[in-house]
Amino acid sequence: MKRIYALFIMVAVGIWSHAETFVPFVIPAKANPESEIKLDYKPITEQDRIYIKDGHFYRGSEPIRFWGVNLSFASNFPTHADAELVAERMARAGINAIRCHHMDSATWPRGIWQKDGKTLHPEALDRLDYFIDQLAKRGIYTDLNLHVGKEYSRRLGLPPSPDGMDKMIAIFVPELVAAQKDYAKRMLDRKNAYRPYRYADDPAIAIVEITNENSLFMWSAAEVLPNLPTVYADILQNQYNGWLKSKYGTNAKLIEAWSASSKPLSDNLLTNGDFGQWQADRNAPNGWTLEQHETAKAKASIVEYNGKSGLLIEPTTCDGTEWHLQFNQSKLKLQEGQDYTLVFEIAAPKERTLTVSVIQAHEPWNNLGLYRAITLRPEWKLYRLTFTATQSDDNARTGFSFGKQSEPFYVRALGFHEGADFAPDKTESLENATVKVFGEVESKTRQLDRMMFFAETEKAYFDGMRQYIKTDLGSKAMVTGTIVFGPLGLYAQSDMDFIDSHAYWQHPRFPNRPWDSSDWLIDQKAMSDNPEEATLFRMASERLAGKPFTVTEYNHPAPLDSQAECVPMIASFAAAQNWDGVWLYTYSHTGDTWDREVMNSYFDIDTNPAKWGFVPAGALIFRERLLLPQNFKMTLALTSPQGSALDQLAGLHSKYNSNLFGATGLTYKDIVRFEIAWVLGQSEKTITQKQRSVHGDLHRATGWNWDPGRYFIKNGFCLISAGHRDKPATFEWIKTTSPERSTITITALDGKEMYIYSSRLLISACGRCENTGMEFSEDRSTVGNNWGKAPVQIEAVEGTLDLSKFFQGPYNKNAGWRCYALNPDGTKKAEVPIKDNILKLSAKYGTMWYVLTK
C-alpha cells in the first residue's frame, strides 16, 4: 500500500470557556478525491489473507494492525450505491477493518432475519454481499460477528435469559449451541454473490467472533446464574453433578472435601442485629445506615409481617441503579482467608431481587468475598451465606443493595459470625445429581469447584465452536470467542486465535428503564484527568503473551465535553502497548441516513467530527506504526508450573473477580513504562528490553507520561497530549488562548521525521462537539431527547504555533512554510498568514483542519 501520512495537531476540549466559539463543521458523507488528508489503499487479494506469526497478525510478509469501526444493525446493509460511498469514505480516512455487529439482533430492515425470525432475508444478504465486496476492493477487512443479540430461546419455545440476548445460557444449553452452529453454517457456508468465495474462504473476511460479551463470569453472572429459570437451572445442575462425579467419585468424598474447613460460629459481630434500638434522626436502626444516592429515596420502619417483627424497607424513588439504595453496617474487621457466615431472614410481599454483599466500606469498594443476588418471596426465608475473606480490612461492611426495583421488603435477625458449618444440605446428593450449583453455605473449596466447572464448561463451548467453524465449515478466518472476563475468562479464551477486549469511558447510565432515550445520564469526567480510573489499563492487563490482542469496541460517548480525547488516546495507547487491532464503536446504527448533518447518538461517529475528524491521525499513529511500542516488555505469571493451573486461576479469580489489572500488582504508572502480557505456566514475571537498531526506530520510540490532568506521548514522528493547559504548562511552541483544556496530536503527513525531513503537516483543532440548539441539563449530565438540529458544530480552538520553537535544534527548518485552512471535505479553503514564524489558529477560519506545506 502506498503510504500517505499526516501531521495532525488536534486540540480537543473537555471544559467549556466563557467565550464559546462554535462553528459548523459537517464532514460530508462522500469523500472528496481532492482532499489534502486522504489516505491510499489497495484491494484485498488472495495473497493478502491474514495469518498469525510471533503473536501478531500478518498480511504477506508484513505485520498488519487493524484500525476499524463497528457497523451496527441496519448500517450493515447499505444500498449498493451507499455501499460504494461508505467504503470509499472509510478507506480514505484510514480504516482497514469493519466489524459487522448486531446483524442477528433484529428482523429486516434493521437486521438479517425475515419476519419469522427463522430464515435469512434475501435483500439483507444481497446488500451484505455487495458491501463486503466494496470494502474488500478498498483494502478493508471484515470481522463477522455470529451471535450478538439473537434469542434462539424464544424461537425454540424456551424461556428467555434473565439478562436477555441468550446471555450465559447460550454457553451451556445444547439446543442453543446447536442453533448457533446452524447460523454459523448459514453465514459461512454460503457464497458471496459478488465475490468468487464462500464467506468461509474469503480472504477479506479476516475474523469471526463466536459471541459478543457473553460469559459465565460476565458482569451480571452473580445475579443471573443463581436465579435461572428452572429449565436452565436443571441443565446446569445436571452438568455440574456430572463434573463433580468425575472429580470426587462418591458423595462421601465430596462432603469430606467441602466440610474440611468447618469451624464453630463466633458471637454476632454486628451491632443491633435484631434492630432493637432505633435512631430516629437517621431513619434507621442504631448502627445501621440507609444509604440514598442521587435521586433514589427509601424509608424504614419496624413492623409485623407474617407473624414476625422485622424491618420494613420501602423504596419510594428508584433510579434503576442497584447501589443507589443500600442498607448496611460498616466497621467490620475481616481477616484474609478467614471463613465467615452471614445469617438473616428476609421476605417481600411481591417477588423481587436484591443483592447481598460484603465489601470495603471505603474506596475502591472492593468485593471482599460475598456478592450475591437473591430472590425474595412473600414467605420468610432464612439464609446462611458463607464466604472466605479475599483480603484483610478494618472497615468492611455488609448489607443489601436494592435500587433497581421499587417493591418493599422485610428483613430481620441479622448475624455476622466468624466460622462456618460447610456440610452440604441433607437434600444434596451426588448419587442423585441433586447437588446445587449455588449452596447457601459454601466453603472455599465448594466455591472454587463451581468456578472451575464454569471455566471448563465455558472453555469447552468456545473450543467446540471454534473447531466447528474452522474444521467443519473450513473457515480460514481468525476466530475468537468473546471478550475477557477475569482470570478464568482469559483461561476460557486461551485457545482462541487471539484475545479481545471492550471498553467505554463514561458509558451512559439509564436510571429507570434500560436504553430509555429520554432518561439517561453521563458523568462529565475526562479520562486524561483520571488515570487511576482509566479503562485503558484494565484492557492492557487482559492480554495473553503469544497471541494477538484486539479491542473490538471502544468509545468515549457523546455528549461528553471531553469526547475528542477518545481517538488520540486509544490509538496512541494501543500503539505503545503493541496491540493488533482497534475498532471504534460505532460508525453508525442506521442504514439510510448517511448524509445526515447531526451527531445523533452517544456512539455513532460517522457524523461526529470530534471522533471522525481524528480517525486519519489514529490510522497513522497506530496502523502505520508512527508510534512504536514501549522499549520494555513485561510478562506476568498468571499461573506457575507447580500445581493445577485451573486451581490457581480459580483462586486468583476468587480474589480479584474480573479485575486483572488488580491482579497484576502494578500501578498505572508502571504500565505506561512497559508493554505487558500474561503468561500461563511461568514461575515469575520477566522484563526484557527491545533492541532499536534503525535510526528511524529510535525516533519512533515512545516517551510516555501520564499524571492527572495531562496525558502525553511523543517521538520523532508524532505527539499526543491531552489535558489541562497548566498541568503541566503547555509546550513553548504552542499556546492556546481557548479553551482551558486541549488535546493535541501531531503526525507527519509524508511519513518523515517531523523535526528534520517532513515538509507536509496537518494541524487539526477541535473542542466540544455539539449539534445546533442542543439542550443540556444544568450539570451537563444529559440532553434527554433534545439532541438539537443540523448542523453539527465544533468548538474552534484559538492560539498560536511558534514554528521557530517547534523546529528548533540542529535541523532547524522553520522557514518557507505556507498554511491553509481546510474545508470539512479536506480541500483548501483559505491561506492563513504566517508572520515572524508565528501561525495563528482562529475561529474566523471556521475549521478544525489546517495544512502546513513547504
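None of the values given here were measured: they were computed from a predicted structure. (Residues numbered from 1 in each chain as written. Predicted model: local features only at pLDDT ≥ 70, side-chain atom pairs only at ≥ 80, totals over all residues. Heavy atoms only, no water.)

Trainee: Sorry if this is basic, but what is going on with the pairing of strand β26 (residues 632-637) here?
Mentor: Residues in a regular strand point their side chains to alternate faces of the sheet. Note that β26 and strand β27 (residues 674-679) share 6 bridges and pair parallel. What sits directly across from T635, in β27, is A677. (Pairing = 2+ DSSP bridges. Helix = DSSP H or I, 4+ residues; strand = E, 2+ residues; numbered from the N terminus.)

Trainee: Sorry, what's going on with the packing of helix α1 (residues 80-92) against helix α2 (residues 122-137) here?
Mentor: Axis angle and axis distance: for two packed helices, these are the angle between their axes and the distance between the axes, and together they describe the pair. Two elements in contact, α1 and α2, have axes separated by 9 Å at closest approach and are oriented at 30°. Relative to α2, the element α1 lies roughly parallel. Pair α1 / α2 crosses with right-handed handedness. For the pair α1 and α2, the contacting residues are H80, A83, E84, V86, A87 and M90 in the first and D126, Y130, F131, Q134 and L135 in the second. Taken together, the residues of the contact of α1 with α2 break down into 7 nonpolar, 2 polar and 2 charged. (Axes fitted to C-alpha atoms, helices over the stretch in contact; angles between N-to-C directions. Parallel < 35°, antiparallel > 145°, perpendicular 65-115°, else oblique. Left-handed = near helix turned anticlockwise from the far one by under 90°. Contact = heavy atoms within 4.5 Å. Nonpolar A, V, L, I, M, F, W, Y, C, P; charged D, E, K, R; others polar.)

Trainee: Whenever I open this one, the packing of helix α7 (residues 230-248) against helix α9 (residues 444-472) confuses me. Can you help?
Mentor: The contact between α7 and α9 brings their axes to 10 Å, and the two run at 110°. By the angle between their axes, α7 is roughly perpendicular relative to α9. The segment α7 lies against α9, with L236, Q239, Y240, W243, L244, K247 and Y248 engaging T445, R446, D449, R450, M452, F453, F454, E456 and T457. Residues that form the contact of α7 with α9 fall into these classes: 8 nonpolar, 3 polar and 5 charged.

Trainee: What should I look at first to understand the sheet that holds strand β2 (residues 22-24) in this one?
Mentor: The pairing of strands in a sheet happens through backbone hydrogen bonds and is either parallel or antiparallel. Read from one edge to the other, the open sheet built from 3 strands follows the order β2-β36-β35, with strand pairing classed as antiparallel. Each having just a single partner strand, β2 and β35 (769-772) make up the two edges of the open sheet. For this sheet, the mean angle separating the axes of adjacent strands, direction not counted, is 40°. Pairing between β2 and strand β36 (residues 789-795): 3 bridges, direction antiparallel. Bridging from a neighbouring strand, P24 pairs with Q793 of β36.

Trainee: What is the right way to read the packing of aromatic side chains from this model?
Mentor: Aromatic ring pairs are described here by two measures, namely the spacing of the ring centres and the angle between the planes. Taken as a whole and judged by the stated rule, the model has 51 aromatic pairs. Between Y585 and F603, the ring centres sit 5.7 Å apart and the planes meet at 70°, which makes this aromatic pair edge-to-face. Taken together, the positions of Y585 in the loop between β25 (581-584) and α13 (609-612) and F603 in the loop between β25 and α13 put the pair 18 residues apart, joining distant regions of the chain. Each member of the pair, Y585 as well as F603, carries the same accessibility label: buried. (Phe/Tyr/Trp six-rings, centres within 6.5 Å; stacked < 30°, edge-to-face > 60°. Buried < 20%, exposed > 50% of the residue type's maximum accessible area, 1.4 Å probe, protein only.)

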